[in-house]
Amino acid sequence: MFPALAFAAALGAPLFVADAAHADFRVCNGTQNLVGVAIGYRAEEGWTTEGWWQVPASTCATLIEGELKSRYYYLYAEDAARGGRWTGDINMCVAENEFKIAGVQDCFARGHQRMGFKEYDTGRQGSWMVQLSDTPATQEGQN
């Protein structure tokens, strides 16, 4: 049995970068395995989910480039080698291969899968970073 996996996030603090004009939403993989990541957000045209970003061990990937336009973002991730998942309570649609899906209703009826995404409240910060780690779910990251 694999140990429980959890999100550890830089909550309540913006991501500081050397270039103050540079803003984005990043995911860093603190595990020793390749991780596939999907993101959900509310755009002008409605709810959207996108994936898969392949994030190798000990690296980061930018999922959204530029100033963040929403307060809430949603993440789902899978460990490609061990099969562990980082999940949450917000159901959104995903597909097996690379995807961009409009809407979060009727995932199965539209030929997609439904997964639980974890919500991140960015507090309207221009940048945000989520750190994925192997820590047990009870030891979620602190502010």
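Whatever comes next refers back to the structure up there.
Note that the structure is a prediction, hence the values are computed from the model and not measured. (Residues numbered from 1 in each chain as written. Predicted model: local features only at pLDDT ≥ 70, side-chain atom pairs only at ≥ 80, totals over all residues. Heavy atoms only, no water.)

### What about the environment of arginine 82?
Move 1: With respect to the helices and strands, arginine 82 occurs in the loop between strand S6 (72-79) and strand S7 (85-86).
Move 2: Taking the relative accessible area as the measure of exposure, arginine 82 reaches 25% and is therefore partly exposed.
Move 3: Taking the C-alpha atoms as reference points, arginine 82 and leucine 34, 48 residues apart in sequence, are found 9.3 Å from one another.
Move 4: For arginine 82, the side chain forms a polar contact with the side chain of aspartate 134, separated by 3.3 Å. (Helix = DSSP H or I, 4+ residues; strand = E, 2+ residues; numbered from the N terminus. Buried < 20%, exposed > 50% of the residue type's maximum accessible area, 1.4 Å probe, protein only. Polar contact = N/O pair within 3.5 Å; in protein donor to acceptor, adjacent residues only side chain to side chain.)

### With respect to unusual backbone geometry
Move 1: Residue tryptophan 52 is reached from glycine 51 by a cis peptide bond, and omega for that bond is -5°.
Move 2: Its location among the elements puts tryptophan 52 in strand S4 (residues 46-55).
Move 3: The phi dihedral of aspartate 106 falls on the positive side, at around 50°, and the residue is not glycine.
Move 4: With respect to the secondary-structure elements, aspartate 106 resides in the loop between strand S9 (99-102) and strand S10 (113-121).
Move 5: Using a relative accessible area of 55% as the deciding quantity, one classes aspartate 106 as exposed.
Move 6: One non-glycine residue, arginine 124, adopts positive backbone phi at about 70°.

### Quick look at the state of the cysteines
Move 1: Scanning all chains against the criterion turns up 2 disulfides.
Move 2: Between the sulfur atoms of cysteine 28 and its disulfide partner cysteine 60 the distance amounts to 1.9 Å. Here the disulfide of cysteine 28 and cysteine 60 is right-handed, its torsion about the S-S bond being about 105°. Of the two residues, cysteine 28 is situated in strand S2 (residues 24-29) and cysteine 60 in strand S5 (residues 60-65); the sequence distance between them amounts to 32 residues.
Move 3: A relative accessible area of 36% places cysteine 60 in the partly exposed class.
Move 4: Each disulfide pairs two cysteine sulfurs, and for cysteine 93 the partner residue is cysteine 107, the sulfurs being separated by 2.0 Å. Taking the sign of the S-S torsion, about -90° here, the bridge from cysteine 93 to cysteine 107 comes out left-handed. Of this pair, cysteine 93 sits in strand S8 (residues 90-94) while cysteine 107 sits in the loop between S9 and S10, and the two are 14 residues apart along the sequence. (Disulfide = S-S within 2.5 Å.)

### Considering the nonpolar core
Move 1: By size, the foremost hydrophobic cluster in this structure holds 20 residues, and its most contacted members are Phe25, Val37 and Leu75.
Move 2: Put simply, the parts of the chain that give this core at least two residues each are S2, strand S3 (35-43), S5, S6 and strand S11 (128-133).
Move 3: With 5 residues, S3 is the largest single contributor of residues to this core.
Move 4: Setting aside its immediate chain neighbours within four residues, valine 37 contacts Val27, Gly51, Trp52, Trp53, Val55, Leu63, Leu75, Tyr76, Ala77 and Leu132.
Move 5: Core analysis: the second largest hydrophobic core is formed by 13 residues, Tyr74, Cys93, Val104 and Cys107 among them. (Core = buried A, V, L, I, M, F, W, Y, C linked by side-chain atoms within 4.5 Å. Contact = heavy atoms within 4.5 Å.)

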